[in-house]
Amino acid sequence: MQASIAFIGVGNMAGAIIRGLIQNGYPADLITGTARNDEKRVALTQELGINMTHDNVAAVADADVIVLCVKPVQMADVIAGFKAVVSPDQLFISVAAGLGLESLADWLGDVAIVRSMPNTPAQQGAGMTGLIANDKVSDAHKDWVNELFASVGESLWVEDEKQMHTVTALSGSAPAYFFRFLEAMIKSGQAQGLDDAACRKLASYTMLGAAKMVTETEEDISQLRKNITSPNGTTEQALNSFEASEIDQVVDQAMQACITRSNEMATLFASTNENKD
């Protein structure tokens, strides 16, 4: 459907989604963004041709779909500011990390709500977004949400909201894991005599190529690894070093630490906003 969309708060993630939509042919005149800064509103209007306003109430009142892109600690206050114009036939999509469907429904009322967990590669059109919906979200809504996030990459629905913490560990926070691994590879390459630019290109394009092999073929990942691991060869020696460092345990501990903090933040944001009621 060609819905009118309001983005409440236009930061990096909202900007990435808006750019993706427009690049994929979505009419700019059906998109409204809100921002408090005058210069930002003018700049985004000039760059993207969308409607920009400081008025959240007007933006929500005129929209079929509202994408909530404000910080979690601000969400309750922001919703309270436009709650009077919320309509039961609107679809709300939250991009705020850690805020559960129940909290969002408490503030918005009995409406269709989707909670999303995108990641920063969305800014390059290569994002991965985890999604979960409340029982007011129809199949048609889900199809539309799929199209929205297809403008910045791929998406995946989960059925149990507790799984959103695992989504955070597997994709939301995960770009940083790969960046850290690249940092270590580049540092080692520099120690062997290659300059920073050469190390960065060699390591990063290899990571990109490996990701494409995983996403664009159906071959099992372990088999892809075995295909380039000759007995007693260089790759085998590197992998043996990883195994000696108990890489599975290291990664699992990191994932569990991420999940634990995601749970803590969800509880903190919910209690912080409840105290404002």
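Above this note sits the structure.
Figured I'd write up the structure that's included with this text. Predicted model, so just to flag it, every value in this text is computed and none were measured.

The rules behind each value
Residues numbered from 1 in each chain as written. Predicted model: local features only at pLDDT ≥ 70, side-chain atom pairs only at ≥ 80, totals over all residues. Heavy atoms only, no water. Pairing = 2+ DSSP bridges. Helix = DSSP H or I, 4+ residues; strand = E, 2+ residues; numbered from the N terminus. Right-handed = clockwise from strand over helix to strand, strands pointing away. Salt bridge = Lys/Arg side-chain N within 4 Å of Asp/Glu carboxyl O. Axes fitted to C-alpha atoms, helices over the stretch in contact; angles between N-to-C directions. Parallel < 35°, antiparallel > 145°, perpendicular 65-115°, else oblique. Left-handed = near helix turned anticlockwise from the far one by under 90°. Contact = heavy atoms within 4.5 Å. Nonpolar A, V, L, I, M, F, W, Y, C, P; charged D, E, K, R; others polar. Buried < 20%, exposed > 50% of the residue type's maximum accessible area, 1.4 Å probe, protein only. Polar contact = N/O pair within 3.5 Å; in protein donor to acceptor, adjacent residues only side chain to side chain.

Below, the discussion takes up the pairing of strand S8 (residues 153-157). With five bridges connecting them, strand S7 (residues 127-133) and S8 associate as parallel partners. Bridge pairing links methionine 128 to glutamate 154 in S8. Each parallel crossover has a hand, and for S7 linked through helix H6 (residues 139-150) to S8 it is right-handed.

In this section: the pattern of salt bridges. Here the structure, examined in full by the defined rule, presents six salt bridges. Across the salt bridge formed by glutamate 47 and arginine 19, the nearest N and O atoms sit 2.9 Å from each other. With glutamate 47 in helix H2 (residues 38-48) and arginine 19 in helix H1 (residues 12-23), this pair connects stretches of sequence that are 28 residues apart.

Another point: the packing of helix H4 (residues 75-82) against helix H5 (residues 101-108). Between H4 and H5, the least distance of the axes is 9 Å, while the angle of their chain directions is 30°. Here H4 lies roughly parallel to H5, going by the angle between them. Like other packed secondary-structure pairs, H4 and H5 cross with a definite hand, here right-handed. On H5, the residues that touch Met75, Ala76, Ile79 and Phe82 of H4 are Leu104, Trp107 and Leu108. Tallied by class, the residues present in the contact of H4 with H5 amount to seven nonpolar, no polar and no charged.

A few words now on unusual backbone geometry. Its identity is not glycine, yet asparagine 232 carries a phi of approximately 65°, on the positive side. Here asparagine 232 shows up in the loop between helix H10 (221-227) and helix H11 (234-244). Residue classification places asparagine 232 among the exposed residues on the basis of a relative accessible area of 69%. Although it is not a glycine, glutamate 246 adopts a positive phi angle of roughly 55°. Here glutamate 246 shows up in the loop between H11 and helix H12 (247-274).

Side chains of strand S2 (residues 31-34) alternate between two faces, with Ile31 and Gly33 and Thr32 and Thr34 buried alike. Bridge analysis of strand S1 (residues 5-8) against S2 gives four bridges, and the strand direction is parallel. Among the inter-strand pairings, phenylalanine 7 is bridged to a residue of S2, identified as glycine 33. Bridging between S2 and strand S3 (residues 51-53) involves three bridges; their strand directions are parallel.

Turning our eyes to something else, we now look at the environment of glutamine 190. Structurally, glutamine 190 can be placed in helix H8 (residues 174-191). Since its relative accessible area comes to 35%, glutamine 190 is described here as partly exposed. Once the C-alpha coordinates of glutamine 190 and methionine 117 are considered, the two residues, 73 residues apart in sequence, prove to be 35 Å apart. Beyond its immediate stretch of four places on either side in the chain, glutamine 190 contacts Asp195, Asp196 and Cys199. Polar side-chain contacts of glutamine 190 include one of 3.2 Å to the side chain of aspartate 196.

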